[in-house]
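# Working through the structure, step by step
In case you want the letters, here they are:
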Amino acid sequence: TPDFNAFAVRADFPILQQQVNGQPLVYLDNAATTQKPEAVIQAISDYYRTDNANVHRGVHTLSDRATHRFEQARERVAGFINSRDSREVIWTRGATEAINLVAYSWARQNLRPGDRILTPWLEHHADIVPWQMAAAACDAEVVPIPVSDAGEIDLAAFEALLDERVRLVAVNQVSNALGTINPVQQMTAMAHAAGALVLVDGAQAVGHFAVDVQALGCDFYTFSGHKLFGPTGIGVLWGREALLEAMPPFLGGGEMIETVSFSGTTYNQLPFKFEAGTPHIAGAVGLAAAIDYLDGIDRVAAAAHEDRLLAMALAQADAIDGLQRVGRPAHNAGIFSFVMQGSHPSDIGMLLDQQGIAVRTGHHCTQPLMERMGVPGTVRASFSMYNTEEDVERLFAGIHKAQALFG
Ligand code: PMP
């Protein structure tokens with residue numbers, strides 16, 4: 001794409017400038033975590049050097065500054081996902097904790113015996129197991145939504161499952177194992193028509209394209225900062241204000257209370273009701289810096305660049321005998337998942353690593369999906385905006401080498 005300069009973006013990421021095992025690093029494990037631009041590293045460091053204090057408590061200047069930066073970061077996130085109000089943005093440790101918050105607070109209060117939660121076969125364990133735990137506590141049921149051989153959600157089967165027992169649909173916007181971009185806006189409309197709420201797990205989406213929670217129409221949205229070029233340990237639960245207001249607290253402790261007494265404790269207002277304990281202040285500051293950084297990037301052009309790299313990779317993959325792509329979704333956010341005859345995914349991964357190429361191998365926390373696709377695991381190369389054509393060439397040189405060795 002002529003208007004997108006991946007080399008300029010790449011230059012902003014210090015970690016990508018190194019050699020690994022004697023070769024320039026080719027980082028293709030972006031679905032697991034993205035790398036951090038200098039601006040994010042600097043923001044975290046500056047925060048600790050100049051403003052560090054606990055938030056919302058102190059009367060002193062540093063505490064004021066830390067609180068201001070922390071709350072400004074919340075505003076940044078609210079704007080980034082087009083939330084109506086920053087009170088709808090709850091800080092969590094990541095997507096996993098955000099989903100668990102809803103599973104503990106909303107689900108345990110609202111699920112009745114016989115109720116159902118629907119979640120597709122292609123879901124990450126983080127969007128399956130919390131619902132299984134909540135369902136077990138409430139005598140409810142988690143029912144999988146069928147997925148095609150291509151790795152796409154079967155919408156007709158989904159429609160057929162939407163009856164009065166369904167209270168919640170939990171679905172990822174992008175599959176971390178196959179890259180499938182799911183029609184979550186349409187699924188939300190279908191679920192709402194059947195009287196169910198919808199949680200969209202955006203962990204894999206936010207790093208690839210702009211998200212608008214109001215346009216999606218969903219009820220909850222979750223993501224992790226570290227897949228958005230920000231730090232680990234910080235993430236977001238977005239929820240509709242009326243739902244969050246009606247939900248009981250998740251964790252108890254400081255910050256989430258209004259008054260505490262042994263005769264009865266009252267809870268803080270949103271969003272603090274769900275934020276017990278000292279939060280990851282530097283993490284929020286770092287995530288805001290990542291969003292600021294992305295403001296300077298044409299994200300539509302970046303996504304087109306990723307699409308082009310993926311298309312190059314898939315074309316080369318289809319020309320290799322004995323290489324089998326796992327999933328062929330029509331809409332794919334930068335993921336190439338495959339197996340190769342005669343070689344174990346982890347052997348391929350190790351051989352690639354020896355050449356300085358980082359990919360992921362295994363079940364990618366999607367064991368039901370691996371079962372559905374009929375493979376024990378895959379090799380997964382996942383692209384981001386700072387990858388280049390040379391990265392694709394290096395990957396395939398490595399794959400050919402693996403095939404010569406094992407094939
Ligand atoms: N959902 C999806 C689709 C994911 O890819 C991941 C991370 N692999 C998660 C949830 C969990 O994110 P985290 O580990 O950052 O909480």
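Note that the structure is predicted; figures quoted are calculated from it, not measured.

## A word on the side chain of Asn332
Following the sequence through the fold, Asn332 ends up in the loop between strand 13 (323-325) and strand 14 (335-340). At 3.4 Å, the side chain of Asn332 and the backbone oxygen of Leu178 are in polar contact. A polar contact is formed between the side chain of Asn332 and the backbone oxygen of Ile335, at a distance of 2.8 Å. Excluding anything up to four places from it in sequence, Asn332 contacts Leu178, Gly179, Ile181, Asp307 and Leu310.

## Side note on a nonpolar patch on the surface
There is a patch of nonpolar side chains on the surface, built from Tyr104, Val129 and Met133 and spanning about 240 Å² of accessible area. Examined against the element boundaries, Val129 turns out to sit in helix 5 (residues 129-138).

## Quick word on the pairing of strand 6 (residues 141-145)
Where strand 5 (residues 116-120) and strand 6 come together, five bridges link them in parallel fashion. When the bridges of strand 6 are listed, Pro120 appears paired with Ile145. Read as a crossover between parallel neighbours, the route from strand 5 over helix 5 to strand 6 is right-handed.

## Structural notes on the pairing of strand 9 (residues 220-224)
Each regular strand carries side chains that alternate between the two faces of the sheet. With respect to burial, strand 9 is a largely interior element, five of its five residues being buried. Across three bridges, strand 8 (residues 197-201) lies against strand 9 in parallel orientation. Within the sheet, the bridge partner assigned to Val200 lies in strand 9 and is Tyr221. Relative to strand 10 (residues 235-239), strand 9 runs antiparallel, the two sharing five bridges. Within strand 10, the position partnered with Thr222 by the bridge is Leu237.

Parameters and conventions
- Along each chain, numbering runs from 1 in the same order as the chain's sequence is written.
- With pLDDT at 70 or above as the cut-off, local features in this predicted model cover only qualifying residues; side-chain atom pairs require 80 or more to be listed or tallied, and sums for whole chains, interfaces and linings still use all residues.
- Side-chain numbers come from the whole structure's heavy atoms, not from hydrogens or water.
- Counting from the N terminus, the helices are DSSP H or I runs at least four residues long and the strands are E runs at least two residues long.
- Any pair of N or O atoms that falls within 3.5 Å is considered a polar contact. Within protein, one atom must be able to donate a hydrogen and the other to accept it, and sequence-neighbouring residues count only if both atoms are side-chain atoms.
- Working rule for contacts: check all heavy atoms of both residues, and any pair within 4.5 Å makes them a contact.
- Patch building starts from residues that exceed 30% relative accessible area and form no salt bridge, then joins like charges within 9 Å and nonpolar side chains (Val, Leu, Ile, Met, Phe, Trp, Tyr) within 5 Å.
- What sets the accessible areas is the Shrake-Rupley method with a 1.4 Å probe; for residues, cover comes only from the shown protein chains.
- By convention in these notes, a salt bridge is any Lys or Arg side-chain nitrogen within 4 Å of a carboxyl oxygen on Asp or Glu.
- Whether two strands pair depends on DSSP finding at least two bridges between them.
- Call a crossover right-handed when, viewed with both strands pointing away from you, the route from the first strand across the helix to the second goes clockwise.
- Remark: exposure states derive from per-residue accessible area (1.4 Å probe, protein chains only) relative to the maximum for the residue type, with buried under 20%, exposed over 50%, and partly exposed in between.

From the geometry alone we can't say anything about function, so treat these as descriptive.
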